[in-house]
Amino acid sequence: MCGIVGYIGDKRAQDILLSGLKRLEYRGYDSAGICILEDNDIKVIKSKGNLEVLIKKVDDQTFGSQGIGHTRWATHGKPSDENSHPHLSNSGQFCLVHNGIIENYNEIKTDLTEKGFDFKSETDSEVIVNLFEYLNDGDLLSTAKKVTEKLEGSYAIGVVNKENKDEFLVVRKDSPLVVGVGEGENFIASDIPAILEYTKKIYILDDDEMALISRGDVKIFDGNGKRIIKEIREINWSLESAEKQGYEHFMLKEINEQPEAIRKTLAGRIKNGLINLNLDMSEEYVKSINKIAVVACGTANYAGRVVGHLIEDKLRIPVLISYASEFRYNNPIIDQNTLTIVISQSGETADTLAGLREAKSRGSKIVAITNVVESSVAREADYVIYTQAGPEIAVASTKAYSTQIAALFMLLMELGYKRGSLDESTVKHWVTELIGIPEKMQIILENSELIKKYAEQIKDSTSLFFIGRGVDSVSCLEGALKLKEISYIHAEAYPAGELKHGTLALITDDVPVIAVATNKSLMDKIISNIEEVKTRGAVTYGVAFEDEIKLKDEVDYFMPIPRVDEALAPLLAVLPLQLLAYYTSVVKGNDVDKPRNLAKSVTVE
Ligand code: M6R
């Protein structure tokens, strides 16, 4: 969740580091810092707060052309100047940035303290830089090997050695890190967009790999220190696609990118009206699956819930849906006949990755649904379906959610068809409906004025309820999460029929209720539930198909969506909910893209 960037070349390093950090801010933003190697000295500038605070502190007279930078989202120790990265070793010889968590840092710290080291910060990262100093044998690579042998936990580390002006070192384990290759200059980053402005040629480091980066060379080594040759990847993301493109916020841009993102996610996966995901899963294996486990966090978990619901309904396979943070502690009933679906936009969420490993250790095969090529989740899964959402920068996930549902829905169709539980005409019908989704999304997006008005109406509420039945109650979970996350209004998602078992006591004329109602067979039921809350004074809003007149007449305010096969309704129903959360956050003057206390990618447990 923190961000790393590094540079060595002949340009002024601070400019490249600061612009890279700007693009990494979304990964963590309670503090930031850089260090520059200049005149045989390491200059460290860091501070609590956002990047602007750091930029003001940076001395315009620093011309060194080698350095590393970091944006931090606190894990060990509060956000403060001292806890910000980079960290210097006691003598000032080494300077280090770190993403991840060192689980045994307390023991190492005690040990180093006994040996005379002292610590200025509360971080686990400062112990690493002092280990470099303590174990220094004059060779950066072999010292790094000795250091990492002592570390338990996850890390992406960049380290500069004052005695070695011509190169710096990186090493990673369970935390992403890439090396960007330029002409007479090289870069490192935890996230590709940080360096995309400078190069599209990237080495993706694997766990335990180390690299020595100099101006003209990148030498990569395995965990034993043996030189290895890796393939350079050409990244085809444009820098623009990682920027706002004229939208006021990344979140709005990403909401509006959903039609295109769905098109890209479907592209190349539909053949003769049927699905072909190229998963290389034998029919025999597909038929042997007797359970599906879904493991994911937050929004990704809700995407899994939507399709999990449909898998049980349409394929009649039992689905176990787990929050990844709970999964490995719940002794899950998983074996070789279970197919585990792991969903993660970033592909780096620590809990999700741990869930994947847990399921694997119990003999389950893993399908990963992820947005990031070569992410940890993608590399460790047996099968991967990439969502083609492009970079998602806003902390609140939107296009990742809808593309995850689209990818999962394709998986449902492929499995169902191979197992014989879905016939060709059903699949072809759904495929046609799926192809029509982008256009229908566009209609909702073009009519968002109404939702702006509703945002004004709810902005001063302190609490809201989202109610729905069946799969609509899952869309409610996502709607409530979005609203909480960026508008800071308390919101609860409730299966509508459960209200009367206690929660109805909370409904007053100060508590608006948003009903999602896309299921024809449950329409009368949800209308009765809306009556229940109206009787208690609630102002009601409804999301339903545009021709659902009864529902439209029942609620005070209506948010129509174009008609689609009910199985695909969650792909449309979520859009008004995303827009409502977005505009509410905007009218409240909140930091939409970077909500308080949160980070985009949660790479620690
Ligand atoms: O990168 P991931 O999909 O694994 O992230 C999972 C959650 O942290 C993420 O979806 C989170 O809930 C979003 N901020 C919600 O908008």
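Whatever comes next refers back to the structure up there.
Remember, predicted model here, so these are calculated numbers, not experimental data.

1. Structural notes on the pattern of salt bridges
Inspection of every chain in the model, using the stated rule, returns 33 salt bridges. Where Asp313 meets Lys314, a salt bridge forms, and the shortest distance between an N and an O atom there is 3.5 Å. Classification of Asp313 as partly exposed rests on a relative accessible area of 43%. The salt bridge involving Asp547 is made with Arg563; its shortest N-O contact spans 3.0 Å. One end of the pair, Asp547, is in the loop between β26 (540–545) and α18 (549–554); the other, Arg563, is in the loop between β27 (557–561) and α19 (569–587), with 16 residues separating them in the sequence. Look at Asp547 and you get partly exposed, because its relative accessible area is 40%. Residue Arg563 is classed as partly exposed on the basis of its relative accessible area of 30%. A cluster of three or more residues bridged by salt bridges with shared partners is formed by Asp206, Glu209, Lys230 and Arg379.

2. Here's the deal with the packing of aromatic side chains
Tallying each qualifying case throughout the model produces ten aromatic pairs. Both rings, one in Phe187 and one in Tyr198, keep their centres 5.3 Å apart while their planes meet at 15°; by these two values the pair is stacked. With Phe187 in strand β10 (residues 186–189) and Tyr198 in the loop between β10 and β11 (201–204), this pair connects stretches of sequence that are eleven residues apart. Its relative accessible area of 24% is what places Tyr198 among the partly exposed residues. Considering the side-chain rings of Phe465 and Tyr494, the 6.2 Å spacing of their centres and the 65° angle between planes classify their relative orientation as edge-to-face. Within this pair, whereas Phe465 is found in strand β23 (residues 463–468), its partner Tyr494 is found in strand β24 (residues 490–495), the two being separated by 29 residues in sequence. Among the residues examined, Phe465 registers a relative accessible area of 1% and is labelled buried. Members of the aromatic cluster, connected to one another through ring pairs, are Tyr7, Phe187 and Tyr198. We note Arg596 situated over the ring of Tyr488; from NZ or CZ to the ring centre the distance is 3.8 Å.

Cut-offs used in this document
- Residues numbered from 1 in each chain as written.
- Predicted model: local features only at pLDDT ≥ 70, side-chain atom pairs only at ≥ 80, totals over all residues.
- Heavy atoms only, no water.
- Salt bridge = Lys/Arg side-chain N within 4 Å of Asp/Glu carboxyl O.
- Buried < 20%, exposed > 50% of the residue type's maximum accessible area, 1.4 Å probe, protein only.
- Helix = DSSP H or I, 4+ residues; strand = E, 2+ residues; numbered from the N terminus.
- Phe/Tyr/Trp six-rings, centres within 6.5 Å; stacked < 30°, edge-to-face > 60°.
- Lys NZ or Arg CZ within 6 Å of the ring centre and 35° of its normal.

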